[in-house]
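Remarks on the overall topology
As a plain string of letters, each chain reads:
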Amino acid sequence: SLNVHTGNAEMKSGEILVSTGSVTSGQTGSINIFAGSNANVGSAGSVNIQAGTGAGADSIGGKAMLTSGQGLASSGQITISSADAGYSANSGDVFVTTGDAIGFSGDAALETGSSENAESGQIHIVTGKSISSSAGSISLQVGLSDSGDSSLLLLSSTSGGASSSSADIVLQND
């Protein structure tokens, strides 16, 4: 095993920084984190990234942020995916969830950025095709409430500006 850590402290423990150098032209180096492979039966190693836990009554847990690099022509891409499966096997699930809470559970937002001079990005929610079985479904569901009414499932388009019209909402069954 290889352990890299900072010491404990009363007020603030140290930071760990892993970085590659800058270049004046060309491409900077990448940072790769890999878990080992398994050649036989059993699970391969996992990669876990977790922010710190706040243990005090008024503490806040640490943030875990994944941000692409900024560029003058374009910022970098972020891809979160499970790997393709081998022959007659299943690919892994991908979950984006907020934690349970006694108070307010966190929001989950899927949105594109605004654009000043071009069309803003699109959001695609698509299931894959199936060769010999049914294709996957898309399910939108509002949670249940034990002590009040459930919230709305709202499909809306924002109103257009002075020289544009609002977007259409189309429900289509092909």
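In this report, we go over the structure that sits alongside the text. (Residues numbered from 1 in each chain as written. Predicted model: local features only at pLDDT ≥ 70, side-chain atom pairs only at ≥ 80, totals over all residues. Heavy atoms only, no water.)

**So, the overall build of the protein chain**
Within the protein chain, the secondary structure is distributed over 0 helices and 0 strands. In terms of overall size, the protein chain is more extended than a compact globule, its C-alpha atoms giving a radius of gyration of 23 Å where 174 residues would be expected to give roughly 16 Å. Viewed in the frame of its principal axes, the protein chain has a C-alpha envelope of about 55 × 55 × 45 Å. Buried positions account for 0% of the 174 residues belonging to the protein chain. Considering only residue pairs separated by 6 or more positions, the protein chain has 0% of its internal contacts joining residues 24 or more positions apart. Of the roughly 17,300 Å² of accessible surface on the protein chain, 48% is carried by carbon and sulfur atoms. (Helix = DSSP H or I, 4+ residues; strand = E, 2+ residues; numbered from the N terminus. Rg over C-alpha atoms; globule rule 2.2 N^0.38 Å. Buried < 20%, exposed > 50% of the residue type's maximum accessible area, 1.4 Å probe, protein only. Contact = heavy atoms within 4.5 Å. Areas by Shrake-Rupley, 256 points an atom, 1.4 Å probe, with all protein chains shown as cover.)

**Regarding the pattern of salt bridges**
A complete count under the given rule lists 1 salt bridge for this structure. Across the salt bridge formed by Lys12 and Glu15, the nearest N and O atoms sit 3.4 Å from each other. (Salt bridge = Lys/Arg side-chain N within 4 Å of Asp/Glu carboxyl O.)

**Details of the environment of Thr6**
According to the relative accessible area criterion, Thr6 is partly exposed, its value standing at 28%. Taking C-alpha positions, Thr6 is 7.4 Å from Ile16, a pair spaced 10 residues apart along the chain. Polar side-chain contacts of Thr6 include one of 3.3 Å to the backbone oxygen of Gly14. (Polar contact = N/O pair within 3.5 Å; in protein donor to acceptor, adjacent residues only side chain to side chain.)

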